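So you can see what is in the structure, the chains are spelled out below.
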Amino acid sequence: MRVYFVVNPTAGRGRANAVWKRIVALLQSHRENDVEWEAALTDGPGAATRLAARAAERGYDRIVGVGGDGTLSEVLNGMAGSGAEIAAVPAGTGNDYCRSAGIPLDPMAAGRLALSGTAVPVDIGEMIPRSGRPRFFLNVAGIGFDAEVARAVNRMPKRFGSTVPYVLGALRTLAWYRPVPMALHVDGRTLERRVLLAAVGLGRYYAGGMMITPDAVLDDGVFDLCVAGDIGPMGVVRLLPGIYRGRHRSDPRVEFFRCREIALESTRPLAIHAEGEVVGELPARFRIHPSRLLLVREEGVAPGAGSARVPAAR
Ligand SMILES: Nc1ncnc2c1ncn2[C@@H]1O[C@H](COP(=O)(O)OP(=O)(O)OP(=O)(O)O)[C@@H](O)[C@H]1O
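Since the structure is predicted, the reported quantities are computational estimates derived from the model, not experimental observations.

Draft legend 1. The arrangement of the overall build of the chain in detail. The secondary structure content of the chain amounts to eight helices and 18 strands. A principal-axis box enclosing the C-alpha atoms of the chain has dimensions of 60 × 40 × 35 Å. A buried classification covers 48% of the 314 residues belonging to the chain. Taking all contacts inside the chain whose residues are at least 6 apart in sequence as the whole, residues at least 24 apart take part in 71%.

See below:
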């Protein structure tokens with residue numbers, strides 16, 4: 001098997017650098033002779049997409065993103081549709097996709113899995129803005145309050161980990177952001193609402209462990225759409241802490257839908273985030289591609305990580 005590592009040395013406030021050194025030591029001691037590997041470090045935004053696209057073109061069987069959710073998302077956008085498998089070594093700040101997918105958060109365990117685990121098909125989403133470039137995502141994309149929080153968080157230094165910047169960004173955004181009148185087209189049905197946020201989930205977690213779409217399953221062929229309605233600043237303050245445990249599930253102002261196609265329109269332009277990075281503006285469509293990605297993950301583990309599977313015989 002030929003494995004290509006795409007390493008973002010700046011992920012996790014530079015933690016990825018140390019992680020990568022340990023992974024190299026693991027690779028050098030790896031006894032399986034049938035693994036041939038190569039690696040490249042990213043040198044800025046967009047580099048992981050270019051590196052992953054080249055690796056897929058050159059016929060690598062497996063492409064491993066070493067970094068956080070942003071790195072993995074860039075890797076996906078370089079290799080989606082190529083037939084290559086994707087694996088992840090979590091070395092970022094939030095690592096929400098690994099949390100959602102049941103990939104070990106311990107980078108060395110994830111590194112071993114990347115080398116010897118098997119890949120299973122999972123769903124990916126495509127965000128198609130009316131103007132601008134479409135983009136694939138693997139975990140959560142969204143609009144509204146959370147996209148504005150993502151914008152605020154991305155402007156902050158990452159030295160505090162993932163939760164503190166998120167809470168600070170959320171508080172700052174609370175001061176000015178108000179629910180926006182929107183039309184949501186969900187599998188052909190139109191809903192009109194004032195919307196605080198809409199999150200399109202394949203995985204369950206985002207923003208450093210918030211369980212925004214608590215029932216999402218990576219390989220069920222549908223999006224879990226979470227729509228938080230007309231909720232004011234004090235309501236958000238009360239709602240936010242409970243999202244870490246999925247308690248918003250029972251809040252009457254929050255609705256959930258299982259669907260395949262979503263189109264969102266708003267009365268004013270709203271930013272769209274994918275995996276916590278701002279990637280476009282409404283209006284946009286979201287389309288699911290069931291089982292489109294081959295993901296290396298542990299089988300039969302992890303709450304929220306997909307349907308339970310019988311462990312393969314070894
Ligand atoms: N050499 C580089 N210098 C600066 N930025 C880079 C470099 N390589 C990649 N990037 C950018 O770094 C961004 C953040 O990376 P990533 O999301 O993987 O780490 P993180 O933010 O620490 O983790 P998480 O998203 O899990 O919280 C990516 O969006 C990518 O475009």
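Next, the rest of the story.
Draft legend 2. Quick look at the domain arrangement of the chain. On domain assignment, one finds that the chain holds domain 1 (2-117) and domain 2 (126-290). Relative to domain 2, the C-alpha centre of domain 1 lies at a distance of 26 Å. Those elements that place two or more of their residues in the side of domain 1 that touches domain 2 are helix H3 (69-79) and helix H4 (96-101). Tallied by class, residues from the side of domain 1 that touches domain 2 come to five nonpolar, six polar and four charged.

Draft legend 3. Region of the structure containing helix H1 (residues 15-29). Its 15 residues give H1 an end-to-end C-alpha distance of 22 Å, which sits within 8% of 21 Å, the value for a rise of 1.5 Å per residue. In this structure, the buried residues of H1 make contact with strand S1 (2-7), strand S3 (62-67), strand S4 (85-90) and helix H5 (107-116).

Draft legend 4. Expanded view of the environment of Cys226. You can see Cys226 is positioned in strand S13 (residues 223-228). Residues Cys226 and Ala198, spaced 28 residues apart in sequence, show a C-alpha to C-alpha distance of 5.6 Å. Every residue in contact with Cys226, bar those within four places of it in the chain, is listed here: Ala199, Gly201, Ile212, Thr213, Val254 and Phe256.

Draft legend 5. Spatial organisation of the environment of Phe223. Along the chain, Phe223 turns up in strand S13. C-beta crowding within 10 Å serves as the criterion here: with 27 such atoms nearby, Phe223 is assigned to the buried category. Sequence spacing of Phe223 and Phe145 is 78 residues, and the spatial spacing of their C-alpha atoms is 19 Å. Ignoring sequence-local partners within four residues, the contact set of Phe223 consists of Gly125, Val200, Gly201, Leu202, Cys259, Arg260, Ile262, Phe286 and Ile288.

Draft legend 6. Representation of the nonpolar core. Within the largest apolar cluster, 95 residues are counted, with the highest numbers of intra-cluster contacts made by Val6, Ile63, Val64, Val66 and Ala198. Of all the elements, strand S18 (residues 284-296) adds the most residues to this core, at six residues. When residues of this core are assigned to domains, at least three map to each of domain 1 (2-117) and domain 2 (126-290). If we skip the residues at most four places from it in the chain, Ile63 touches Tyr4, Val6, Ala52, Ala55, Ala56, Val75, Met79, Ala84 and Ile86.

Draft legend 7. Summary view of the packing of helix H2 (residues 47-57) against H3. H3 packs onto H2 with a crossing angle of 40° between their chain directions and a minimal axis gap of 7 Å. Of the possible angle classes, the one that applies to H2 and H3 is oblique. Crossing of H2 over H3 shows right-handed handedness. Residues Ala48, Thr49, Arg50, Leu51, Ala52, Ala53 and Ala56 of H2 touch H3, and the partners they reach there are Thr71, Glu74, Val75, Asn77, Gly78 and Met79. Counted by class, the contact of H2 with H3 contains seven nonpolar, four polar and two charged residues.

Cut-off values and rules
Residues numbered from 1 in each chain as written. Predicted model: local features only at pLDDT ≥ 70, side-chain atom pairs only at ≥ 80, totals over all residues. Helix = DSSP H or I, 4+ residues; strand = E, 2+ residues; numbered from the N terminus. Buried ≥ 20, exposed ≤ 12 C-beta atoms within 10 Å, placed from the backbone. Contact = placed C-beta atoms within 7 Å. Domains from an automatic or database assignment. Nonpolar A, V, L, I, M, F, W, Y, C, P; charged D, E, K, R; others polar. Expected span 1.5 Å × (residues − 1). Core = buried A, V, L, I, M, F, W, Y, C linked by C-beta atoms within 7 Å. Axes fitted to C-alpha atoms, helices over the stretch in contact; angles between N-to-C directions. Parallel < 35°, antiparallel > 145°, perpendicular 65-115°, else oblique. Left-handed = near helix turned anticlockwise from the far one by under 90°.

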